[in-house]
Structure formats: C-alpha cells, structure tokens
Amino acid sequence: MKKMSVVQVALLVLIAVSFGELVFDFSVYEELFLDFNIYDDVHDTIVSTLCLSCIKLDPVSRLDFVFETGNGEEHPEFVWKNLTKGPLFIEYRSDVCKACDDMAPIVKDIFNVSFEKEETLYKLVNYSGLNIHFYHINLDHASQAQKDSFPIYDKDNIKGVPMFVVITVKYDRGTIKPCYTAAYGTLGLDTDEERRDLLIDMIDDGVKLYEQNREGYKYP
Amino acid sequence: MNLRFRRLISQVVFFFSANLGFKIEGIFPGLKTGFCYPFFYCHACPSATAACPLRAIEIGVYEGKWNWKLIFYPILIISFVGVISGRGVCGWACPIGLLQRVTGKVAKKLKKKQPFLKKLGQHRLEPYLRYLKYIVFIGLVVVTPILVGFMFTDICPVGYLVGTIPISILNPGEFSPNEFFYIALVIFILFIVLIFTVERGWCRYLCPIGAMLAPFNKVSKYQVSVDKDQCIHCNICSNEACPMGIDVPNMERDPECILCGKCIEACPKDVIKFEGR
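Caption draft 1: Region of the structure containing the interface of chain B and chain A. Tallying the contact residues gives 44 residues for chain B and 38 residues for chain A. Mapped onto the side of chain B that touches chain A, the elements with two or more residues apiece are α2 (53–61), α3 (68–85), α9 (157–170), β1 (175–177) and α10 (181–197) of chain B. With eight residues, α3 of chain B is the largest single contributor of residues to the side of chain B that touches chain A. Here the side of chain B that touches chain A is built from residues that sort into 24 nonpolar, 12 polar and eight charged. As paired elements, strand β1 (residues 57–59) of chain A and β1 of chain B share three bridges and run antiparallel to each other. Within the sheet, the bridge partner assigned to D58 of chain A lies in β1 of chain B and is S176 of chain B.

Caption draft 2: Main features of helix α2 (residues 38–47) of chain A. For α2 of chain A, the set of buried residues is I38, D41, V42, T45, I46 and V47 of chain A. One side of α2 of chain A carries all its buried residues, which in axial view fall inside an arc of 155 degrees. Its buried side turned inward, α2 of chain A meets α1 (2–24) of chain A together with α2 and α3 of chain B.

Caption draft 3: Spotlight on the environment of L83 of chain A. Residues and elements named next belong to chain A. Assignment of secondary structure puts L83 in the loop between α4 (77–82) and β2 (88–93). With 23 C-beta atoms counted inside 10 Å, the residue L83 sits in the buried group. Between the alpha carbons of L83 and L50 there is a distance of 29 Å; along the sequence they are 33 residues apart.

Caption draft 4: Focus on the environment of Q146 of chain A. Residue and element names in this part refer to chain A. Structurally, Q146 is set in helix α6 (residues 144–152). Sequence separation between Q146 and I203 is 57 residues; the distance between their C-alpha atoms is 21 Å. When near neighbours in sequence (up to four residues on either side) are disregarded, Q146 contacts T120 and I137.

Caption draft 5: A look at the nonpolar core. Membership of the largest hydrophobic core comes to 128 residues, with the highest contact counts inside it found for V165 of chain A together with Y41, C42, A56 and Y73 of chain B. Broken down by element, this core gets its largest block of residues, eight residues, from α3 of chain B. The contact partners of V165 of chain A, leaving out residues within four places of it in the chain, are I90, Y153, Y180 and A182 of chain A.

Caption draft 6: Unusual backbone geometry, seen in detail. Across the junction of V161 of chain A and P162 of chain A, the peptide omega takes the value 0 degrees, indicating a cis bond. Among the secondary structure elements, P162 of chain A is positioned in the loop between α6 and β5 (163–172). A positive phi angle, close to 65 degrees, is found at N235 of chain B, a residue other than glycine. With respect to the helices, strands and loops of the structure, N235 of chain B is situated in the loop between β2 (222–226) and α13 (236–241). With 14 C-beta atoms counted inside 10 Å, the residue N235 of chain B sits in the partly exposed group. Phi at D270 of chain B is positive, roughly 55 degrees, even though this residue is not glycine. Inspection of the secondary structure assignment puts D270 of chain B in the loop between α14 (262–266) and β3 (272–276). Accessibility expressed as a C-beta count within 10 Å gives 10 for D270 of chain B, which makes it exposed.

Definitions and cut-offs
Residues numbered from 1 in each chain as written. Chains lettered and ligands numbered in written order. Predicted model: local features only at pLDDT ≥ 70, side-chain atom pairs only at ≥ 80, totals over all residues. Contact = placed C-beta atoms within 7 Å. Helix = DSSP H or I, 4+ residues; strand = E, 2+ residues; numbered from the N terminus. Nonpolar A, V, L, I, M, F, W, Y, C, P; charged D, E, K, R; others polar. Pairing = 2+ DSSP bridges. Buried ≥ 20, exposed ≤ 12 C-beta atoms within 10 Å, placed from the backbone. Arc of directions from axis to C-beta. Core = buried A, V, L, I, M, F, W, Y, C linked by C-beta atoms within 7 Å.

Keep in mind these values describe shape, not function.
Now the structure itself:
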C-alpha cells in the first residue's frame, strides 16, 4: 500500500511538472519543446476552428462578392495597399488538413507557383495579363497579422480550412470599396477538375470586377 | 443521496461543462478554452468547450512531424485524471458514458429477451474483443496518421453524433458530404447498434480514450475493492450489476472497471466498496 502511494505521488509530481512546463514554459525541456504556448495553440487551432474532417462535411461554396467582413473588422492594411496593384487571392490552411493537401496542387497549377505546406508565401503573379497578389498562409506558422485576417474573410463564419479568398473592388453607393468572396474545403465538389473550374470562375469574377472598378479605387 | 443519483448529477454537470461553448448574442459569449477533454467528446460540436484529446495527438504525430507539446498535452491531462481515478472518468464524467447509461437500459432488457446476446457476452472470445480499443488507439490515432495521414477522427462516430448532425441541422443546405461521410455514417450506425445491444459496448471494446485510461486503473488512487474473505460469490455484482461485464469478486484493479459503483449498490453483503489508497 505504501509502495502504491509512492508510485501515485511520483506520477502526480511528474505529470504536474511536465504540465507546468507545457503551459507556463518553465524552460526545463527547452530543447524538446518549441517556443509556443500550448494552451493558446490548442484554443486557436483546434477548439476555435471548425474541424471539417471531424464533421465529415464540406461547406457548399456560394461565390457572391460581399463588402461586409466575416467578423465586422476592417480590411487589413496589406489588403488596402495591395488592391492598388491588383486583386488578391489568399489560401488559408493548417498543417494537418486533408482537404488542404487535396486542394494545394490545384492552386499551385492555377497560379504556377510552388510552396511547401508549412511555409507562408507571398508572390505577385501574372494571371490573364493582370497582377494578382497570391498569398499562401499556413495558420500554424503565420504571423499574427495574417492569422487575424482569417476571421475577417471567413465570409460564412465556417472557421474551417482550407479557405480560399478572392479580394477585389466593387462599386457600393457612390464609392469603390474592397469586396471579397470565400470558398471552403474541397468546395463541395467531387473531382479535381470541377474544383479547378470553380476556383478559376471565382478568380475570373474577381479579376473582372477589378478591371471594371480599378479606376475608382483610392488607397486611403 | 444514493450513489446512482450522485453519479447522474456528476455526469449531467460534466455534460454541461463540456458544452459551454455555445454563444447567445448579448447574453453569453460562449466559453471556448484551450484545454483538452479528459474524456470522449468532439470539439466540432457547436457548443464544445475544449479540444478532443485524440485529435490533438493525431495532429501532433501527423505525417511524422513530432509536435511534442501537442502530443504530451492531452496525454498529461488524461494521465492526471487517470492517476487519481483510473477509468472513473468513464463512469462519472464522460458524456458518451451518459448516453450509454440511457442505451444500456435497452441493452440490458435485450440481453434478457435475446439469449443470443447473452451467449455472445459469455463467449470465450469476448475478453479478447476488449483489446480492440488498444488497437484502435495505437492503429488509428497514432500509426495511420504518421504513415498515411488517415486519422481516427475522420471516421469517428462521436464526431458524427455531436458534430455532423447538429451542424447539419443548424446550417441546412450549407454543407455537403466529404469523402469520409458515408464510411463515417456506416460506422455511426454500427456504433448506435452496439450501444443499444451491448451495455457500455463502446467503452468495453472500442473507446480509444478508455484505452488510454485503462492502464491507470493499476495505479490509481481510487478504485473499487472486494473483501474476498467476506464475499459469498453470489455473483449478483457481475451478472446483474456490472455494466462492463467484469468478474467483480475476482477482480484486482481491473483495467475495465469504470468505478460506476453499481456493484457496490448491488452487493447484498456490503463487501464491495470504493477505496482510496
């Protein structure tokens, strides 16, 4: 009985120290654990993000361009600025995401870009003779500003990845303002061809709107 | 207050604690924490408060990228609970345990009416089926995510029950099935059949969290113990009471025991009790 108590206490101490290290970063195992807060990480990437593979569903894409942002926040600075040169295409993903892996080759092919899934990439690409700002943002490795942009463009409040966003400009009651559309997951489609076609439709719509309204757009 | 009622209160309290993530505009902001549940529940549930420990482990090992923090975090939470109460969390806290408390009543009646089910429960291979949960845990939560990127949570029936169904109801027409949807549907139907035909069938045979907690019964502070000298071997505890089908009079820190205390209540000689040692 005494032996068992010793085992229990030893286990509890070991668990408590390890847990404290994980959550509060006492830096006991500095070389083993990377520098990030596990509580925030679990909160941001697992609990607050809708796990599309856990629900075995893909959101149905509605490609209407809207002005109102997903969380009501203002468009980020990099978007306002980049819109002076062309529309934006942003692909949000995370490390562990089957649908992201399925969609990545299609995106790479459309924009003729290459990237590793962990990296965050920005590139000005030529698409049908027009500059498009291409962003590949992995939320597990992105900057805070990039992470903050995710709920802004989560049009349908899905909170899931992958999320594909096209940001362009459009006329609204006398002014030309940024507008955007978002599509999610494998776009609710079965084949790569259908998915590719839908993404191209989405980008083409964004390009068309940009060409129609670019003259009236003013960077504040 | 009898044990059964106390356990019901505990299960209901934990059920609501696990579901404080719902948002009521202007009234309640919704509580989304960065913890992992120490029991089986899915963070894809619209009202989930914490993360599924299995998903955290899967992400931690996914494609051999060892994210040690994400692997150890849920394991440590479960270990802490395990050292204190072993699989007591299955009996007293798990929402899926609460669900099986309801379905178990049907399973018990069916067992009495259908001799086939009784025979199945007494089959010599039945104890071996209990090892399936370890295979599910090691195989689908650890090995396949590393090797092929396939995860248990892709087909998890609990995710289907508390994630897929409510989200489909709350957002009609906004989602379409993905590639695992129909496989998960079949597994979900089998899950429902299992819990309605075998009392605590999910906990006995397939629950990966149960597999993580079970070894802690060997060292846990709290356990159910039997005074073997006083026991008259009437077997009411095993045959009538125990939802996990344990041979209670002969058990010694059995990894299957969920500390539900049904055997304690059923014992006519009061020789079974909770013990903290």
